[in-house]
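# What the coordinates show
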Amino acid sequence: MPSGTPKGPPGASATSPGTSRQWRAGDSFLSMWRELAPVGLHPDSGGYRRYAWSAADVDCRAWFRAQAEARGLTHESDRNGNQWAWLGDPLAGNAVVTGSHLDSVPDGGAFDGPLGVVSSFAALDELHRRGVEFTRPLAITNFGDEEGARFGLACVGSRLAAGQLAVADARRLRDADGVTLPAAMERAGYDPGTIGPDPQRLARIGAFVELHVEQGRALDLTGDPVGIASAIWPHGRWRFDFRGEANHAGTTRLADRRDPMLTYAETVLAARREAELTGALATFGKIAVEPNGVNAIPSLVRGWLDSRAADQATLDAVVTGIERAAREYAERAGIDLDVVRESFTPVVEFEHALRDELGRILEGTGDTGRPVPVLGTGAGHDAGILSASVPTAMLFVRNPTGISHSPAEHAAEDDCTAGIEALADVLEGLACS
Ligand code: HGY
Ligand code: MN
Ligand code: MN
């Protein structure tokens, strides 16, 4: 029983989006892209500050709902605030779902997350143009707080839904200003009282496919506009609290100091050494200093480590090595050290059957004549979290510089169009057969 045919993009008809030429997969993409572009854009940095439950996030959510309703899709926010735009019966089961996230890291780029969401709507518009009949329900999603930029934990919306984040732990999340996750949700107009596992919802998903800008240069090196994900490296975030003794920067002899900044600095260098030794990645990218005065020796230096590796044993080795070095430095300097793991995602191997199905569907579509490349990534995604509950796959769109989590993040328009065409082919192959 067909579950529905998609309506076209706002103002479009089957053959043209209100212009004289044949509609291309990228047309509705560009108008959506331009609408979303100013939301959360910081004028000085040129980066995005779309933090979970902030005003910018609320505006992104309003944009998502407007796109859904303009296409006659049924919009809903689930118990965790994730957004869903449905074509067909959400309760029928075996749905094909696509989408990504709209939140960003501090001064993030325009593509990480939004490319997947905008491309999902554009792919649906393309399927409208093709006149396909869906035989399975289809949904487009916006998963909340994927980056964890405000509360420190990645993929909060998908972790809650998948039962990978305890409600009590989620309710304890607090931002740098001391605002808790529930308070932030309430201020944004959402009820935090409903957050929790959503197994029935996930059980109704037959396949989840997330399109994402590549965060690396593999496709640039192979010359392909689109790739398929094989796996996500295990990765996590650890907070190192170095406690010393606050004192006057201008009157305290060096020999009399207990300066945690020195121990922190030595640990950052040790992290690079351990990463080089093990072939892993280790980054201290965020720091908080108390009292944070130019003329005051700190009492506390908080440093956040992001570490990733191709396998769990290597990740364990590099983090253990960094912590061991930090404790030695702290011991020697009379500094107190606490290390807390704040976020962790085990290795994800995407389901082979769905991965290979995408390869079959896309065979011969690339402009290289070769099969679409299959590549691993060190970047985390909602698809990685959901893969424990639902068959998931990912499509990557070429990023010519590989730069991400930066205003310089970019993908060429033609590659975005290739991504939309590929996603449309995949959705048609999975949901219209
Ligand atoms: O940090 C990551 O890998 C992702 O961008 N959240
Ligand atoms: Mn990201
Ligand atoms: Mn992302």
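Our focus in this paragraph is the coordination of the manganese ion (ligand 3). Surrounding the manganese ion (ligand 3) are the protein donor atoms His101 (NE2), Asp112 (OD) and His212 (NE2), at 2.1 to 2.2 Å. Going along the chain, you hit the donors of the manganese ion (ligand 3) in the pattern H-x10-D-x99-H.

Moving on, we get to the packing of helix H11 (residues 352–361) against helix H13 (residues 413–431). Taken N-terminus to C-terminus, the directions of H11 and H13 make an angle of 115 degrees; their axes are 9 Å apart at the nearest point. Judged by the angle between their axes, H11 and H13 are roughly perpendicular. As for how H11 packs across H13, the hand of that crossing is right-handed. Counting all contacts with H11, which are made through Leu354, Glu357, Leu358 and Ile361, the residues of H13 involved are Asp425, Val426, Gly429 and Leu430. When grouped by side-chain class, the residues that make up the contact of H11 with H13 number 5 nonpolar, 1 polar and 2 charged.

This part covers empty space enclosed by the protein. Counted under the stated rule, the structure contains 1 cavity of 30 Å³ or more. Its boundaries defined by the atoms lining it, the largest cavity holds a volume of some 50 Å³. Lining the largest cavity are Trp53, Asn80, Gly144, Asp145, Val156, Gly157, Leu160, Leu181 and Met185. Secondary structure elements with two or more residues in the lining of the largest cavity: helix H4 (156–161) and helix H6 (181–187). Looking at the lining of the largest cavity, the element that brings in the most residues is H4, giving 3 residues.

Let us look at the state of the cysteines. Formally, a disulfide is one covalent bond, and it connects the sulfur atom of one cysteine to the sulfur atom of another. Per the counting criterion, the structure on display carries 0 disulfides. Free cysteine Cys60: the closest other cysteine sulfur is in Cys155, separated by 17 Å. Taking the relative accessible area as the measure of exposure, Cys60 reaches 0% and is therefore buried.

We now examine the site of ligand 1. Taken together, Asp112, Glu146, Glu147, Arg308, Ala379, Gly380 and His405 form the complete shell of residues around ligand 1. Residue Arg308 places a side-chain N or O atom 2.6 Å away from an oxygen atom belonging to ligand 1. A distance of 2.7 Å separates an oxygen atom of ligand 1 from a polar backbone atom of Gly380. Bound to the protein, ligand 1 loses 96% of the 220 Å² it would expose on its own. Broken down by class, the residue content of the shell around ligand 1 amounts to 1 nonpolar, 2 polar and 4 charged.

A few words on the coordination of the manganese ion (ligand 2). Those donors, Asp112 (OD), Glu147 (OE) and His405 (NE2), are the protein atoms that reach the manganese ion (ligand 2), and they lie 2.0 to 2.2 Å from it. Summarised as a motif, the one-chain spacing of the donors to the manganese ion (ligand 2) is D-x34-E-x257-H. In this model, the manganese ion (ligand 2) sits 3.5 Å from the manganese ion (ligand 3), the two metals being bridged by Asp112. Here His405 lies in the loop between strand E15 (392–397) and H13 and Asp112 lies in the loop between strand E3 (95–100) and helix H3 (114–130), a separation of 293 residues in the sequence.

Definitions and limits used
- Residues numbered from 1 in each chain as written.
- Chains lettered and ligands numbered in written order.
- Predicted model: local features only at pLDDT ≥ 70, side-chain atom pairs only at ≥ 80, totals over all residues.
- Heavy atoms only, no water.
- Donors = N, O, S within 2.8 Å, 3.2 Å for Na, K, Ca; no water.
- Axes fitted to C-alpha atoms, helices over the stretch in contact; angles between N-to-C directions.
- Helix = DSSP H or I, 4+ residues; strand = E, 2+ residues; numbered from the N terminus.
- Parallel < 35°, antiparallel > 145°, perpendicular 65-115°, else oblique.
- Left-handed = near helix turned anticlockwise from the far one by under 90°.
- Contact = heavy atoms within 4.5 Å.
- Nonpolar A, V, L, I, M, F, W, Y, C, P; charged D, E, K, R; others polar.
- 1 Å grid on protein atoms, 1.4 Å probe; cavity = no way out; pocket = protein on both sides within 12 Å on 5 of 7 lines; lining within 4 Å.
- Points joined across faces, edges and corners; volume = space filled by probe spheres on them.
- Disulfide = S-S within 2.5 Å.
- Buried < 20%, exposed > 50% of the residue type's maximum accessible area, 1.4 Å probe, protein only.
- Near = heavy atom within 4 Å.
- Polar contact = N/O pair within 3.5 Å; in protein donor to acceptor, adjacent residues only side chain to side chain.
- Areas by Shrake-Rupley, 256 points an atom, 1.4 Å probe, with all protein chains shown as cover.

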